[in-house]
Amino acid sequence: MEQQDYIIELRNVRKKFDDADDYVVENFNLKVKKGEFVTFLGPSGCGKTTTLRMIAGFDTPTEGEILLKGVDISKLPPYKRPINTVFQKYALFPTMNVFDNVAFGLKIKKVPVKVKKNGQEVVKMVHLTKDIIKQKVQKALEIVDLEQFETRDIQTLSGGQQQRVAIARAIVNEPEILLLDEPLGALDLKMRKEMQLELKEMHRKLGITFIYVTHDQEEALTMSDTIVVMSDGFIQQIGEPKQIYDEPANAFVADFIGESNIYSGTIFPDHKVKILNKLFPMVDDFPLHEKVDVVLRPEDIIISKPGEGTVDGVIKSKIFKGIHYQYVIMVGKNEVTAQSTLSLPVDEKVSISITPENIHIMKRDATINAYDGYITKNNKVCFAEYDWECDVTQLLKGSSIDEDGYLVGPDHKKYDLTDAEVKVDVDLNKVMISDNVDECEVTGQIIQMVYKGDHYQYLVRNENDDFIVENEWTWNEGDIVGVTINKEDIKLKLKGDIKQYEL
Amino acid sequence: MSFRFQRKYLSIPYIVFFLLFIIVPIFLIIYYAFTDKATGNFSFINLVHFFSDMTNINVLIISLVFALATTVICLIIGYPIAYILANKKFNKNKVIVMLFVMPMWINFIIRTGATRDLLTWIGLGGGTHPTFATLVGLVYNYLPFTVLPLYSTMLKMDRSLIEASADLGANPVQTFIKVVIPMTMPGIVSACTMVFMPTISSYVISDLLSEYNIVLFGSYIDLYFNQANWNFGAFMALIMLILVGISVVVTRKFSKEENARTSLW
């Protein structure tokens with residue numbers, strides 16, 4: 001009964017393309033109410049367009065269900081779905097004029113009509129009449145402000161006009177859901193701003209559900225009722241624009257939505273969090289000593305005279321942004337981006353403070369790299385599809401390795417650890433990455449990065465495994481890097497009891 | 001006086017070529033077509049002769065029918081082939097495209113001779129089935145000329161248009177008729193002209209494959225030239241020229257102006 005409230009629902013949707021190993025969309029769960037404006041937001045390659053294409057029917061999910069009003073449509077071809085799409089590059093038919101493009105769907109559509117046949121009422125499917133089609137097309141063109149353009153050729157229209165035709169062509173069919181795949185991507189900034197407002201207005205007037213895909217966070221914040229932030233095939237956060245901005249679920253969302261300072265912090269007693277080497281009062285409840293990520297929005301940072309705030313720093317750079325100045329303030333080794341209407345000179349000593357409500361604390365996704373591995377016969381540990389040098393003597397206190405490669409305990413018992421299953425932990429700052437891809441046995445691609453004041457946190461993906469790396473040097477998203485870990489930084493823990501390996 | 005090189009001088013070889021091999025021969029054809037063989041004077045005797053003998057008209061009609069049939073069969077076979085070849089889902093590399101082009105590398109006479117022997121071997125040779133054998137030979141020879149222009153227009157076709165069509169409610173058949181065919185029209189026109197024009201005047205294929213059971217217009221012209229009747233042959237060549245000209249004009253009508261520019265002719 002509950003699902004009746006939702007027009008479309010995605011349940012555990014996963015998608016993998018035939019020739020790929022990785023899933024492009026994983027565990028996608030979403031419920032959309034009728035009339036809602038939902039935006040999928042994320043960097044390119046995050047799976048947002050693929051998700052949209054699955055709703056439209058161009059791609060079928062590898063697993064999971066797509067329910068339209070409670071009925072699974074995931075296997076239904078696109079032409080049987082009451083859903084229309086506005087394509088990224090418009091995909092208007094160049095062989096037809098504006099009218100024929102908009103009328104395309106209507107000319108195909110058949111509607112049930114009751115007719116009397118031999119005295120009995122039968123329902124017959126008939127095409128719409130020319131007059132009705134004409135009326136509907138004119139109305140749709142009116143909505144997009146293109147009344148006089150009916151007979152124009154597509155090639156003679158500007159980008160913005162083509163965009164409007166594409167929208168008219170979709171809405172004229174009165175779909176239950178309108179999908180928009182980065183529809184404003186090809187327009188210039190001013191045009192885009194205008195179209196954003198117009199689309200929002202159109203959404204209000206038509207009252208149908210909009211699902212909008214974009215990588216522009218500002219666009220998402222302006223237009224949506226609900227934003228779905230995606231990264232790397234996963235939903236990072238679902239929420240209203242304000243909620244996503246004010247309370248980002250993790251460092252990625254905070255970094256992607258708006259400008260932000262992100263720091264690693266530790267919780268201290270009496271509602272305090274330690275960042276920038278100082279204790280800041282906060283309002284959230286978090287367990288003591290927990291390692292957390294802390295987000296400070298530049299506009300929330302209060303700049304005052306030295307000594308008056310919580311922590312002192314020096315202005316390193318200053319940019320005029322129209323309404324305000326944007327400063328980068330060095331606090332110790334950390335950079336703090338702040339906005340202020342005050343004009344202050346570079347190299348000026350200042351103090352900064354933040355009201356407790358504006359300190360946003362987030363649970364850290366991972367505080368350590370953890371893997372499942374096993375010991376190989378030459379006492380290396382295999383994880384992430386590579387045999388790493390390690391110190392197996394840490395598995396048993398006071399042990400050593402004899403010349404045959406067996407582990408010898410302090411009581412002179414011998415152990416053969418070959419194939420022993422272990423848990424492997426590596427600290428984030430102990431994973432080293434370098435550009436010398438040729439010299440490294442293990443390589444990976446940087447798929448996510450977040451700046452944390454004095455260092456970056458990278459997500460490096462090897463074929464199947466991820467390394468979370470803290471490093472002060474700058475790489476770019478998409479870079480291929482070599483991964484090395486020092487022998488002494490690999491921490492091992494035996495999964496079973498060591499006795500089973502005794503010889 | 002010094003000679004200053006100008007870019008327009010580069011066109012001189014082409015002008016010479018154009019005059020020697022196109023303009024002059026056309027005038028020669030027209031000259032011979034309207035002169036009396038016996039006296040060498042200007043006359044309409046060839047025209048009268050051509051239209052008063054039904055055999056000539058019949059040969060012309062048969063040629064037209066063969067050319068049309070070949071074009072239609074080539075399109076019916078070539079269109080799906082080109083569609084499949086241009087679809088990355090089915091054709092991951094260009095090797096299969098090469099397979100369709102490769103027969104063109106083999107000498108035409110050898111190819112046609114081989115076709116004849118093959119058809120005779122399976123019992124469908126020109127002696128017993130002249131029409132069938134001729135059509136097979138024509139289609140086989142001109143199929144690459146259908147596939148290639150279609151293939152190149154289909155490669156350029158925006159696949160998102162097919163998705164847009166499906167999105168708007170068109171089933172695959174409707175999408176094909178309303179979107180794919182109009183989009184590939186330049187390729188279709190190009191393919192038609194590239195098959196129709198050479199087949200209307202081809203004669204080696206029909207001679208070899210039908211074992212001289214079917215006489216097409218081309219072989220007819222050849223016959224008169226071989227009998228040293230240049231004047232009548234030239235008149236028939238002129239008729240052919242006009243027919244090809246008409247076919248170009250007609251096909252142009254089918255494709256819009258901007259499409260005609262992108263097509264081969």
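Quantities reported herein were computed from a predicted structural model and do not represent experimental measurements.

Digging into helix H9 (residues 185-201) of chain B
For H9(B), with 17 residues, the first-to-last C-alpha span of 25 Å sits near the 24 Å given by 1.5 Å per residue. Most of H9(B) sits inside the fold, with 14 of its 17 residues counted as buried.

Re the interface of chain A and chain B
Each partner contributes to the interface: chain A provides 20 residues, whereas chain B provides 18 residues. Interface area, chain A with chain B, both sides summed: about 1,800 Å², of which 63% is carbon and sulfur. When the buried area of chain A at its contact with chain B is split by residue, Tyr79(A), Thr95(A) and Ile108(A) rank highest and sum to 33% of it. Applying the counting criterion to the chain A and chain B interface returns one salt bridge. Counting every contact that joins chain A to chain B gives four residue pairs in polar contact (both at pLDDT 80 or more). Contributions of two or more residues to the side of chain A that touches chain B are made by helix H1 (48-56), strand S6 (83-86) and helix H2 (98-108) of chain A. Taken together, the residues that form the side of chain A that touches chain B break down as 13 nonpolar, five polar and two charged.

Side note on the confidence of the model for chain B
Residues and elements named next belong to chain B. Chain-level statistics for chain B give a pLDDT mean of 85 and a share of 93% at 70 or above. Per-residue pLDDT, averaged within each element of chain B, yields its smallest value for helix H13 (residues 257-262) (45) and its largest for helix H1 (residues 12-33) (91). Long-range and interchain partners of residues 257-265, a stretch whose pLDDT sits below 50, account for 15 contacts in this model, where long-range means more than four residues apart. Overall fold confidence (pTM) sits at 0.75, and the ipTM for the predicted complex is 0.71.

Examining the pattern of salt bridges
All names here are of chain A. Counting across every chain of the model gives 25 salt bridges over all chains. The closest approach of N and O atoms between Glu-176 and Lys-69, which form a salt bridge, is 2.8 Å. Placement of Glu-176 in the loop between helix H4 (159-171) and strand S9 (177-181) and of Lys-69 in the loop between strand S4 (63-68) and strand S5 (71-72) is noted, with a sequence separation of 107 residues between them. A residue is classified by how much of its surface remains accessible, and Glu-176, at 22% relative accessible area, is partly exposed. Taken together, the shared-partner salt bridges in this structure form one network comprising Glu-9, Arg-11 and Glu-65.

A look at the packing of aromatic side chains
Summed over all chains, the structure comprises 33 aromatic pairs over all chains. An aromatic cluster is built from Phe34(B), Phe42(B), Phe44(B), Phe50(B), Phe51(B), Phe217(B), Tyr220(B), Tyr224(B), Phe232(B) and Phe235(B), whose rings are joined through pairwise contacts. Against the face of Tyr23(A) rests Arg14(A), its NZ or CZ located 3.9 Å from the ring centre. The cationic tip of Arg169(A) hangs over the ring face of Phe93(A); the distance from NZ or CZ to the ring centre is 4.9 Å.

Cut-off values and rules
Residues numbered from 1 in each chain as written. Chains lettered and ligands numbered in written order. Predicted model: local features only at pLDDT ≥ 70, side-chain atom pairs only at ≥ 80, totals over all residues. Heavy atoms only, no water. Helix = DSSP H or I, 4+ residues; strand = E, 2+ residues; numbered from the N terminus. Expected span 1.5 Å × (residues − 1). Buried < 20%, exposed > 50% of the residue type's maximum accessible area, 1.4 Å probe, protein only. Contact = heavy atoms within 4.5 Å. Buried area = accessible area lost by both parts, 1.4 Å probe. Salt bridge = Lys/Arg side-chain N within 4 Å of Asp/Glu carboxyl O. Polar contact = N/O pair within 3.5 Å; in protein donor to acceptor, adjacent residues only side chain to side chain. Nonpolar A, V, L, I, M, F, W, Y, C, P; charged D, E, K, R; others polar. pLDDT = per-residue confidence, 0-100. Phe/Tyr/Trp six-rings, centres within 6.5 Å; stacked < 30°, edge-to-face > 60°. Lys NZ or Arg CZ within 6 Å of the ring centre and 35° of its normal.

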